[in-house]
Amino acid sequence: MCGIVGYTGSRTAPALLIAGLKKLEYRGYDSAGLALQREGTLVVAKKAGSVADLEATLNRDLEQVTVGIGHTRWATHGRPTDINAHPHCSCGDEIALVHNGIIENHQELKDWLAGEKGHHFISETDTEVLAHLIEEFYEGDLLVAMRQAMNKVVGSYTVLALSAREPGRLVCTRQSSPLIIGLGEGENLIASDITALLEHTRKTKILEDGEFAAITADSVEIVNADGAAIETDIFEITWDLEAAEKGGFDHFMLKEIMEQPDAVRETMRQRIDREKGKVKIDDLGLSIDEITALDKLYIIACGTAYHAGLVGKIIIESLTGIPVEVDVASEFRYRAPLLKQNQMVIVISQSGETADTLAALRLARQKGLKVLAITNVVGSSVAREADHVFYTWAGPEIAVASTKAYLTQLVALYLLGLYFGEIRSYIDQSVAKELLEGLIALPGQIREVLSEASIDRLRAYCRHLAGWESAFFVGRNLDFPVAMEGALKLKEISYIHAEAYAAGELKHGPLALIVEGIPVIALATQKAVLDKTLSNIQEVNARGGAVFAITQKGFNDVAGQVDGVFYLPPVNDLLAPVLSAVPTQLIAYYAAVERGHSIDKPRNLAKSVTVE
Ligand code: F6R
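Everything numeric in this text was worked out from a predicted model, so none of it was measured.

Along the polypeptide, Thr267 turns up in helix 8 (residues 260-268). Under the relative-accessibility criterion, Thr267 is labelled buried at 0%. Through-space distance from the C-alpha of Thr267 to that of Thr76 is 12 Å; in sequence the pair is 191 residues apart. Residues in contact with Thr267, not counting those within four places in the same chain, are Phe390, Thr392, Trp393, Ala394, Thr408, Val411 and Leu415.

Here helix 8 crosses helix 15 (residues 429-449) at 170°, and the two axes come no closer than 8 Å. Regarding the angle of helix 8 to helix 15, the classification is roughly antiparallel. Facing Gln260, Pro261, Asp262, Val264, Arg265 and Met268 of helix 8, the residues of helix 15 in contact are Leu439, Ile440, Leu442, Pro443, Ile446 and Arg447. Residue classes in the contact of helix 8 with helix 15 are distributed as 8 nonpolar, 1 polar and 3 charged.

In this section: the nonpolar core. One finds Ile346, Leu372, Phe420 and Leu439 to be the most contacted residues of the largest nonpolar core, which totals 94 residues. When residues of this core are assigned to domains, at least three fall in each of domain 2 (255-448) and domain 3 (451-595). Once residues within four sequence positions are removed from consideration, Phe420 is found in contact with Leu286, Ile291, Leu294, Leu297, Thr320, Ile322, Met344 and Leu372.

Before going further, it helps to spend a moment on the site of the ligand. In the vicinity of the ligand, 13 residues are found, and the nearest of them are Ser349, Gln350, Ser351, Thr354 and Glu492. In isolation the ligand exposes 410 Å². Once the protein is present, 89% of that is buried. Elements with a contribution of two residues or more to the shell around the ligand: helix 10 (303-320) and helix 17 (479-494). For the shell around the ligand, the leading source of residues is helix 10, giving 3 residues. Taken together, the residues that form the shell around the ligand break down as 4 nonpolar, 7 polar and 2 charged.

For strand 7 (residues 155-163), a buried count of 9 out of 9 residues is recorded, marking the element as mostly surrounded by other parts of the structure. Going residue by residue along strand 7, you find Gly155, Tyr157, Val159, Ala161 and Ser163 tucked away on one face and Ser156, Thr158, Leu160 and Leu162 tucked away on the opposite face as well. Of the strand pairs in this sheet, strand 6 (residues 95-103) and strand 7 are connected by 9 bridges, and their pairing is antiparallel. When the bridges of strand 7 are listed, Ile102 appears paired with Ser156. Relative to strand 8 (residues 170-175), strand 7 is paired through 6 bridges, and the arrangement is antiparallel. By the bridge assignment for strand 8, Val159 is matched with Thr173. Hairpin geometry of strand 7 and strand 8 is characterised by an intervening segment of 6 residues between the two adjacent antiparallel strands and by a positive phi of about 75° at Gly168.

A few words now on the sheet that holds strand 17 (residues 296-301). Read from one edge of the open sheet, 5 strands run 18-17-19-20-21, paired in parallel fashion. The sheet is open, and its two edges are formed by strand 18 (324-328) and strand 21 (388-391), each paired on a single side. Neighbour-to-neighbour, the strand axes of this sheet turn through a mean angle of 20°, independent of strand direction. Along the sheet, helix 14 (residues 404-423) contacts strand 17, strand 19 (343-349), strand 20 (370-375) and strand 21; its crossing angle with strand 20, the most-contacted strand, is approximately 140°.

This brings us to the sheet that holds strand 14 (residues 235-236). By way of backbone hydrogen bonds, the strands of a sheet pair with one another, either parallel or antiparallel. Strands sit in the order 3-2-4-1-10-9-11-14 across an open sheet of 8 strands; the sheet is antiparallel. Here the strands that pair on one side only, and so sit at the sheet edges, are strand 3 (41-48) and strand 14. Contacts between helix 1 (residues 13-24) and the sheet are confined to strand 1 (3-8), strand 2 (31-38), strand 4 (67-73) and strand 10 (188-191), with strand 1 contributing the most and set at about 155° to the helix.

This paragraph deals with the pattern of salt bridges. One pass over the structure, following the stated rule, counts 35 salt bridges. Residues Arg447 and Asp262 are paired through a salt bridge, measuring 3.6 Å at the closest nitrogen-oxygen approach. One end of the pair, Arg447, is in helix 15; the other, Asp262, is in helix 8, with 185 residues separating them in the sequence. Put simply, Asp573 and Lys527 hold a salt bridge, and the shortest N to O gap is 3.2 Å. Remark: Lys527 occurs in the loop between strand 24 (519-524) and helix 18 (530-541) and Asp573 occurs in the loop between strand 26 (564-568) and helix 19 (576-594); sequence separation between them is 46 residues. One continuous salt-bridge network, built from bridges that share partners, spans Glu104, Asp262, Arg265, Glu266, Arg269 and Arg447.

What follows covers the packing of aromatic side chains. The geometry of an aromatic ring pair comes down to the distance between the two centres and the angle between the two planes. Enumeration over the complete set of coordinates arrives at 6 aromatic pairs. Judged by centre distance (5.5 Å) and plane angle (25°), the rings of Tyr391 and Trp393 are stacked. Here Lys152 stacks its cationic end above the ring of Trp112, 5.4 Å away from the centre of that ring. Taking NZ or CZ as reference, Arg271 lies 3.9 Å from the ring centre of Phe390, over its face.

With that settled, consider unusual backbone geometry. Cis geometry marks the peptide bond from His86 to Pro87; its omega dihedral reads 0°. Position of Pro87 among the secondary structure elements: in the loop between strand 4 and strand 5 (88-89). Non-glycine residue Asp93 carries a positive phi angle of around 55°. Tracing the chain through its elements places Asp93 in the loop between strand 5 and strand 6. Within the chain, Asn342 stands out as a residue other than glycine whose phi angle is a positive 65°. The topology assignment puts Asn342 in the loop between helix 11 (329-332) and strand 19.

In terms of domains, the chain is made up of domain 1 (3-245), domain 2 (255-448) and domain 3 (451-595). Opposite the 13 residues of domain 1 that make contact, domain 2 presents 12 residues. The contact between domain 1 and domain 2 buries some 1100 Å² in all, and 63% of this surface belongs to carbon and sulfur atoms. A per-residue breakdown of the area domain 1 buries against domain 2 is headed by Arg27, Trp74 and Glu104, which together make up 46% of the total. Scanning the region where domain 1 abuts domain 2 turns up 1 salt bridge. Linking Arg269 and Glu104 is a salt bridge whose minimum nitrogen-to-oxygen distance equals 2.4 Å. Between the two partners, domain 1 and domain 2, sit 2 residue pairs in polar contact (both at pLDDT 80 or more).

What counts, and at which threshold
- Residues numbered from 1 in each chain as written.
- Predicted model: local features only at pLDDT ≥ 70, side-chain atom pairs only at ≥ 80, totals over all residues.
- Heavy atoms only, no water.
- Helix = DSSP H or I, 4+ residues; strand = E, 2+ residues; numbered from the N terminus.
- Buried < 20%, exposed > 50% of the residue type's maximum accessible area, 1.4 Å probe, protein only.
- Contact = heavy atoms within 4.5 Å.
- Axes fitted to C-alpha atoms, helices over the stretch in contact; angles between N-to-C directions.
- Parallel < 35°, antiparallel > 145°, perpendicular 65-115°, else oblique.
- Nonpolar A, V, L, I, M, F, W, Y, C, P; charged D, E, K, R; others polar.
- Core = buried A, V, L, I, M, F, W, Y, C linked by side-chain atoms within 4.5 Å.
- Domains from an automatic or database assignment.
- Near = heavy atom within 4 Å.
- Areas by Shrake-Rupley, 256 points an atom, 1.4 Å probe, with all protein chains shown as cover.
- Pairing = 2+ DSSP bridges.
- Salt bridge = Lys/Arg side-chain N within 4 Å of Asp/Glu carboxyl O.
- Phe/Tyr/Trp six-rings, centres within 6.5 Å; stacked < 30°, edge-to-face > 60°.
- Lys NZ or Arg CZ within 6 Å of the ring centre and 35° of its normal.
- Buried area = accessible area lost by both parts, 1.4 Å probe.
- Polar contact = N/O pair within 3.5 Å; in protein donor to acceptor, adjacent residues only side chain to side chain.

Have a look at this one:
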């Protein structure tokens, strides 16, 4: 999620690193920093804010420096402050490093390093642990020390480091996080993304998980965890800059849709104890007594996050027995809600900056209620002002239409539901275990939904849909909020007027709008109401509507009754929204592509709505 660049050669490193960091900033970052080698010492400059803010603080006397590393941060552990910005240094400031990812056992390592080994820590980050850990093993060879140190680390990471005692040498490693070495003439570079390299070279070596590399201006040494040399092919990059920023996809939205298996997995990481069959989110800071005493929850959000809340209501009520009311933030504020003791407000916001959501949060707190925020941005206003925070680890979302953040918001609500349900002894152990196993399987299942063959099936229907100015989404129970989200996505980027209805409501009015060929997307993933949904599909069929159904494999009755069908892998009904949302995102995306619209920046919309 963070951006990393390193340079060793004969050109001015600070300017080159700053230019590289700016290329990574399109993903949205909150702080930046450099560590530079100068005459046997390290100079570190870092700052909360943009790369330009950092650039403004750099002294001219650094122009002679030709070796350094840089970082733009998307905060995970610790707020975006000057001290938490990377690089982080060892006690003696002899080693500096930058990191992308999460060190899962950082607390255990920190306790050991600060206690037994006497290291002094100054930041709130997991990253600082790595600088001290490498220092602990350092005897003059950074590559050896990094290999030994990383042996003790659990997590996903890219690490890039340099030592004051090894002029011209940069050392790096990776685990489940990208890292690319750019090969130049009399210079070499390292970066987390191709975009930071393209201006300098198209020749690269791609480091694999568990490999380590040391580079100087004219050498690249790659070894495995035991130190044995590894031969790596040179990979020539053919993408242009724009394609590289989007990871080779045509749009950020599609890239972010494709990132969903990872976003969902990251959001669950460390929050499920599979052996005990339990959710472990004790770091929320809510006591058992507080959770047990809850007699009502409000979920408040806007847009897509509100739709996640509507799914959350059904999940939380069924897993915890706590009644849940869901409100659009701009309505909640002005309807004098009857807030009482033993109630809690959950706000959901990807950006953490939505003005209406923030105002609702403040109102709830003013009235004496505790607020739990589900947000994707560490240190955002919502995160700072809430009493408790659950971070979704979707990574930066750039496309205006929210996709991966939505899926991770759903995951957060499942985890909260299971956690509260367990503490309140409401949920049966075997049901909890089945749901946890179901959650763990989701990333793989989302990947299946995103397979090329599946997408081809959708695209044919999207060509039909793109020719219409009006479309409907219908569903019952958990399928209804997913239908609402599907309709919003379609409206936002294809500009087709789309309405979502509870399938049972069609005959109470909207059926009058069904004409020959009109697109109707029917969500039919809920076994308990499948027959009822099929009857509603028949009502549409009888009036000539073109029905495309999204259902589960094994629900065989559906195919014979619709014009097109998309099968999801078999899934527990309660978890189905996480899978069924994905084809609706793809339908919106490909319909908008057919209509030739600006996908990532739809007309009249902004990514973060900071005005009422
Ligand atoms: C739709 C979309 C918006 C946001 C809404 C809330 O695709 O992205 O509806 O969901 O503006 O934004 P956050 O979650 O940042 O509060």
